[in-house]
Amino acid sequence: GTQLVVTCEVCGRPATTECWTCKMRICEFCTLKRHWKGRTGLHWPLVNAPGKMLGELGRKQLEAKRVEDAQRAALEDPRHRTDEELRRIRDYKEAAYRLHDQLGDRALVTYDLRLARHWMWAQTPGFVYVAVHVPDGYEDEELYFEPSERVFRLQAEGSPPLVHRLLAGPLDPRRAVETFVTQDKRYFTAALPKARPGERWRRLFEGDPDGARSLRPPYALEETAEEATVVVPLPPWTEEGDVRVDVTRSGMEVGARGQPALRREFWRPEGREAEEFEAVDLAQWHWHLEDDVAHDGEPIRALHVCLVRPAPTGREVKWRKGERQDNRNWERDGGGPSARGWRFFADDEDEFGLEDTLAALCFLETGEAFLPAKPGEAAAPAGRTARRPQDLPPGVRRLLEQLLEGEEREA
């Protein structure tokens, strides 16, 4: 027999829907690319998709159930770890063993992002605050912390040291180091008293790049769909001949005469996508110097490094409506369909919510805290400073209230 089939007017496949704008019959594949018909110019298809919202709602409910199941399992068994958490434990242990086996004592002054991803730090005139995520911390096992005037060592029972580094500045031996550990031993914080109050530390540990893993990075970053611009403050006497900028496929390094090196790794997706992913077009990046004024009114020279993103690939033009897939819109692991966006630099990424803890500690001591912009936030892309409790994000405010309640109980 003969069967009548309505075909797609773009590619010839069997049509599955109709464009509401121009009434063109199209297939499911061609809903992902632009077309034109008659007097209607080039446009993206507008189609009726019954059940799409229901499907999105179902995915969100499934993700919520996955989180709920993980929480229930953790309550039933405090030693429970998800597959992703077990992978993180394996990765950090492998990196720690390899680092100490290969380098020995040099590991004290070696920066390795595979370990550094688990800690962040912030500073005030009197203290350096360190927040650590302990991937293999268990409630029924010990967590060992051995501070000294220059060495910071933290490790879980039966595991290699998660942090064993030489501090970049001396501590005051006359003052106690205050620590806090959560009940499940997964989070640790320490308040390190500076030996010279008022001194600004450029890094937490010897051997680290300038400002690595700091709550407040030593630069401002603004991102658009086409480029990312890094603004680095330099002394007012800096000339172009004093500056060196090197951009590679993996990261960026900035150096200036008399200044510490600034090195950062570009964020990359994990797995098979990392092989094809390009963060920057290496043929188009450029830099220049401008006269500027710092926050305190002092004159500076601002180094602007413009990192141009690659153009959308043919696959992205055809199937993603020309939207480039990069750190701004890449889905976060385990975060569900609505959780998207990563930091441009992998060194700045906060995978474990350490920034909120550091901001609360700084605000408790000084009455103000720097709040870096979260991935996907368009407002204040370089971050902002909160000086009133009501200006703090809800998560930081809750932590601040818990810290104040703890102080009241101790008093």
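Before reading on, note that the structure itself is shown above.
Residues numbered from 1 in each chain as written. Predicted model: local features only at pLDDT ≥ 70, side-chain atom pairs only at ≥ 80, totals over all residues. Heavy atoms only, no water.

## Quick notes on the pairing of strand β8 (residues 151–156)
Here is step 1: Alignment of strand β7 (residues 143–147) against β8, held across five bridges, turns out to be antiparallel. Counted as the bridge partner of Phe145 is Leu154 from β8.
Here is step 2: As consecutive antiparallel partners, β7 and β8 are separated by three residues.
Here is step 3: Strand direction decides the pairing type here: β8 and strand β9 (residues 163–166), joined by four bridges, are antiparallel. Across the sheet, the residue bridging to Phe152 is Arg165, located in β9. (Pairing = 2+ DSSP bridges. Helix = DSSP H or I, 4+ residues; strand = E, 2+ residues; numbered from the N terminus.)

## Remarks on the sheet that holds strand β16 (residues 262–265)
Here is step 1: Strand order in the open sheet formed by three strands is β14-β15-β16, with antiparallel pairing between adjacent strands. Either end of the sheet is taken by a strand with one partner, and the two such strands are β14 (243–247) and β16. In this sheet, neighbouring strand axes are inclined to one another by 5° on average, regardless of whether the strands run parallel or antiparallel.
Here is step 2: Alignment of strand β15 (residues 251–256) against β16, held across four bridges, turns out to be antiparallel. (Axes fitted to C-alpha atoms, helices over the stretch in contact; angles between N-to-C directions.)

## Details of the pairing of strand β13 (residues 227–234)
Here is step 1: Taken together, the four bridges between strand β12 (residues 220–223) and β13 define a ladder with antiparallel strand orientation. Within β13, the position partnered with Glu223 by the bridge is Ala228.
Here is step 2: Between β12 and β13, which pair antiparallel one after the other, the connecting turn spans three residues.
Here is step 3: When β13 meets strand β18 (residues 299–308), the two strands line up antiparallel, connected through eight bridges. Residue Leu234 lies in a different strand from β18, and its bridge partner there is Arg301.

## A closer look at the pattern of salt bridges
Here is step 1: With the rule as written, the count across this model stands at 27 salt bridges.
Here is step 2: In this structure, Lys37 engages Glu9 in a salt bridge whose closest nitrogen and oxygen atoms are separated by 3.6 Å. Residue Lys37 is found in strand β3 (residues 35–37), and its partner Glu9 is found in the segment before β1 (17–18); the two are separated by 28 residues along the sequence.
Here is step 3: Exposure remark for Glu9: the relative accessible area of 42% places this residue in the partly exposed category.
Here is step 4: For the salt bridge of Asp172 with Arg174, the shortest nitrogen-to-oxygen distance reads 3.2 Å.
Here is step 5: What makes Asp172 buried here is its relative accessible area of 9%.
Here is step 6: For Arg174, a relative accessible area of 73% puts it in the exposed group. (Salt bridge = Lys/Arg side-chain N within 4 Å of Asp/Glu carboxyl O. Buried < 20%, exposed > 50% of the residue type's maximum accessible area, 1.4 Å probe, protein only.)

## Considerations on helix α6 (residues 354–366)
Here is step 1: Between its first and last C-alpha atoms α6 spans 19 Å; for 13 residues at 1.5 Å apiece the expected length is 18 Å, and the two agree.
Here is step 2: Restricting attention to buried positions, one finds in α6 the residues Leu354, Glu355, Leu358, Ala359, Ala360, Leu361, Cys362 and Phe363.
Here is step 3: Directly after α6, the chain includes Gly367, whose backbone phi takes a positive value near 85°. (Expected span 1.5 Å × (residues − 1).)

## A short note on the nonpolar core
Here is step 1: Counting 32 residues, the largest nonpolar core has Val132, Phe152, Leu154, Phe188 and Leu204 as the members making the most contacts within it.
Here is step 2: Only α2 (83–103), α3 (113–116), β5 (119–123), β6 (127–133), β7, β8 and β11 (187–193) provide two or more residues apiece to this core.
Here is step 3: The biggest single contributor to this core is α2, with four residues.
Here is step 4: Contacts of Phe152, omitting those with residues within four sequence positions, involve Val130, Phe145, Glu146, Val163, His164, Arg165, Leu167, Phe188, Ala190, Leu192 and Phe205.
Here is step 5: With 25 residues, the next largest nonpolar core counts Leu234, Ala279, Val280 and Phe344 among its residues. (Core = buried A, V, L, I, M, F, W, Y, C linked by side-chain atoms within 4.5 Å. Contact = heavy atoms within 4.5 Å.)

## Remarks on empty space enclosed by the protein
Here is step 1: Evaluation of the coordinates by the stated rule reveals two cavities of 30 Å³ or more.
Here is step 2: Every residue lining the largest cavity is counted, 14 residues in all, and those nearest its centre are Leu99, Thr110, Leu115, Leu162 and Arg165.
Here is step 3: Breaking the lining of the largest cavity down by element, the ones donating at least two residues are α2, α3 and β9.
Here is step 4: Of the residues forming the lining of the largest cavity, the biggest block, three residues, is contributed by β9.
Here is step 5: In the lining of the largest cavity, the residues fall into nine nonpolar, three polar and two charged.
Here is step 6: Here the residues of the lining of the second largest cavity sort into five nonpolar, one polar and two charged. (1 Å grid on protein atoms, 1.4 Å probe; cavity = no way out; pocket = protein on both sides within 12 Å on 5 of 7 lines; lining within 4 Å. Points joined across faces, edges and corners; volume = space filled by probe spheres on them. Nonpolar A, V, L, I, M, F, W, Y, C, P; charged D, E, K, R; others polar.)

## Details of the packing of aromatic side chains
Pairs of aromatic rings are described using the distance from one ring centre to the other and the angle between the two planes.
Here is step 1: Using the criterion set out here, one finds 13 aromatic pairs in the structure.
Here is step 2: When the ring of Phe266 is compared with that of Phe345, the centres are 6.0 Å apart and the planes differ by 15°; the resulting orientation is stacked. With a gap of 79 residues between them, Phe266 in the loop between β16 and α4 (273–276) and Phe345 in the loop between α5 (314–319) and α6 connect regions that are remote in the sequence.
Here is step 3: Exposure remark for Phe266: the relative accessible area of 3% places this residue in the buried category.
Here is step 4: On the basis of relative accessible area, Phe345 is assigned to the buried category, the value being 0%.
Here is step 5: Here the aromatic rings of Phe277 and Trp330 are separated by 6.0 Å at their centres, their planes lie at 85°, and the arrangement is edge-to-face. Of this pair, Phe277 sits in the loop between α4 and β17 (286–293) while Trp330 sits in the loop between α5 and α6, and the two are 53 residues apart along the sequence.
Here is step 6: The class for Phe277 is buried, based on a relative accessible area of 7%.
Here is step 7: A connected cluster of aromatic rings, assembled from ring pairs, spans Trp119, Phe145, Phe152, Phe188 and Phe205.
Here is step 8: In this structure, Arg13 packs its charged tip against the face of Phe29, placed 4.6 Å from the ring centre. (Phe/Tyr/Trp six-rings, centres within 6.5 Å; stacked < 30°, edge-to-face > 60°. Lys NZ or Arg CZ within 6 Å of the ring centre and 35° of its normal.)

## Remarks on the sheet that holds β18
Here is step 1: Read across the open sheet, the four strands follow the order β12-β13-β18-β17; overall the sheet is antiparallel. Since the sheet does not close on itself, it has two edges, and those belong to β12 and β17, each with one partner. Neighbour to neighbour, the strand axes of the sheet diverge by 20° on average, direction disregarded.

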